[in-house]
Amino acid sequence: MSDFQPPDPSLRANSDIDLDPDAPVIIGVALSTPLRAQEFLLAMNGLRVSGALKLKDAVIVSKKDGKVNVVETIDPTPGKAAASGAMWTGLLGLIIGGPIGWLAGMGVGAGVGAVTAKVVDLGIPDEWVGWFKQAVHDGTTAVVILAEHVHVGELAAEAARFQGAELLYTTLPPESITQLSEAFAAN
């Protein structure tokens, strides 16, 4: 695992704190190529469908030549949120105030939507995304998942298909870390 310190040291997997089995966990895995990362994310979705974990969010962090690219799966972008807010409040304004209400509603809705997208974080906290942006090695791509109700045995069995991947960090208990690390290193 990486030498970087996570944003909240109290969540370190090797701490003496007992983790709630129903609490969300973060698992970050570095893979050699973006295609391999997409395959891993697809495998995590397969585990979600089978009930082996409840996938709450996923982020892909890639680094090439020092340039970092982040793709989040559920957090709204300001542009999309502004367009959605403008559409809905514009429609409401049209019903209540006619054409002038429509224009006013669109303006207010766009502003509120954009601000909301900047403030609301629905999935993996931005601090963790920032940490993984630093922790991922140049030339690799990391998949970071936020999940609940993780069946570690099934996760490890799926992880064995991704030999050579590196477990960057997880908030799972130490015995789970060992099981996942061994699965990635299996021959």
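Below, the structure is looked at part by part. For clarity, every value in this text was computed on a predicted model and none was experimentally measured.

The rules we used
- Residues numbered from 1 in each chain as written.
- Predicted model: local features only at pLDDT ≥ 70, side-chain atom pairs only at ≥ 80, totals over all residues.
- Heavy atoms only, no water.
- Axes fitted to C-alpha atoms, helices over the stretch in contact; angles between N-to-C directions.
- Helix = DSSP H or I, 4+ residues; strand = E, 2+ residues; numbered from the N terminus.
- Left-handed = near helix turned anticlockwise from the far one by under 90°.
- Contact = heavy atoms within 4.5 Å.
- Nonpolar A, V, L, I, M, F, W, Y, C, P; charged D, E, K, R; others polar.
- Expected span 1.5 Å × (residues − 1).
- Buried < 20%, exposed > 50% of the residue type's maximum accessible area, 1.4 Å probe, protein only.
- Arc of directions from axis to C-beta.
- Parallel < 35°, antiparallel > 145°, perpendicular 65-115°, else oblique.
- Pairing = 2+ DSSP bridges.

Regarding the packing of helix α1 (residues 34–50) against helix α4 (residues 152–159)
Item 1. Two elements in contact, α1 and α4, have axes whose closest approach is 11 Å; the angle formed by their N-to-C orientations is 145°. Here α1 and α4 pass one another in a crossing that is right-handed. Contact residues: α1 offers Ala43, Met44, Leu47 and Ser50, while α4 offers Glu154, Leu155 and Glu158.
Item 2. Residue composition of the contact of α1 with α4, grouped by class: 4 nonpolar, 1 polar and 2 charged.

Describing helix α5 (residues 174–185)
Side chains three or four residues apart in an α-helix point the same way, a direct result of the helix having 3.6 residues per turn.
Item 1. Spanning 12 residues, α5 covers 16 Å between terminal C-alpha atoms, matching the ideal 16 Å at 1.5 Å per step.
Item 2. Taken together, the buried positions of α5 are occupied by Ser176, Ile177, Leu180, Ala183 and Phe184. Down the axis of α5, the sector holding all buried residues measures 130°, keeping them to one side. Across from the buried face of α5, at angles greater than 90 degrees, the exposed residues are Glu175, Glu182 and Ala185.
Item 3. Considering only its buried residues, α5 is in contact with β1 (25–31), α1, α4 and β5 (166–170).

Describing the environment of Ser181
Item 1. As for its position among the elements, Ser181 is in helix α5.
Item 2. Once the C-alpha coordinates of Ser181 and Ala156 are considered, the two residues, 25 residues apart in sequence, prove to be 8.5 Å apart.

So, the packing of α4 against α5
Item 1. Interhelical geometry of α4 versus α5 gives an angle of 20° and a closest axis separation of 8 Å. Taken together, the axes of α4 and α5 are roughly parallel relative to one another. In this structure, the crossing between α4 and α5 has a hand that is right-handed. Between α4, through Val152, Gly153, Leu155, Ala156 and Ala159, and α5, the contact on the second element is made entirely by Ser176, Gln179, Leu180, Ala183 and Phe184.
Item 2. Here the residues of the contact of α4 with α5 sort into 7 nonpolar, 3 polar and no charged.

Some points on the sheet that holds strand β2 (residues 54–64)
Item 1. Sheet architecture is open: 5 strands sit in the order β3-β2-β4-β1-β5, paired in antiparallel fashion. The sheet is open, and its two edges are formed by β3 (67–72) and β5, each paired on a single side. Strand after strand, the sheet turns through a mean of 20° between neighbouring axes, direction not considered.
Item 2. Across 6 bridges, the pairing between β2 and β3 is antiparallel. The residue bridging Ser62 from the neighbouring strand is Asn69, located in β3.
Item 3. Across the face of the sheet, helix α3 (residues 126–135) comes into contact with β1, β2, β3, β4 (140–148) and β5 while running at roughly 150° to β5.

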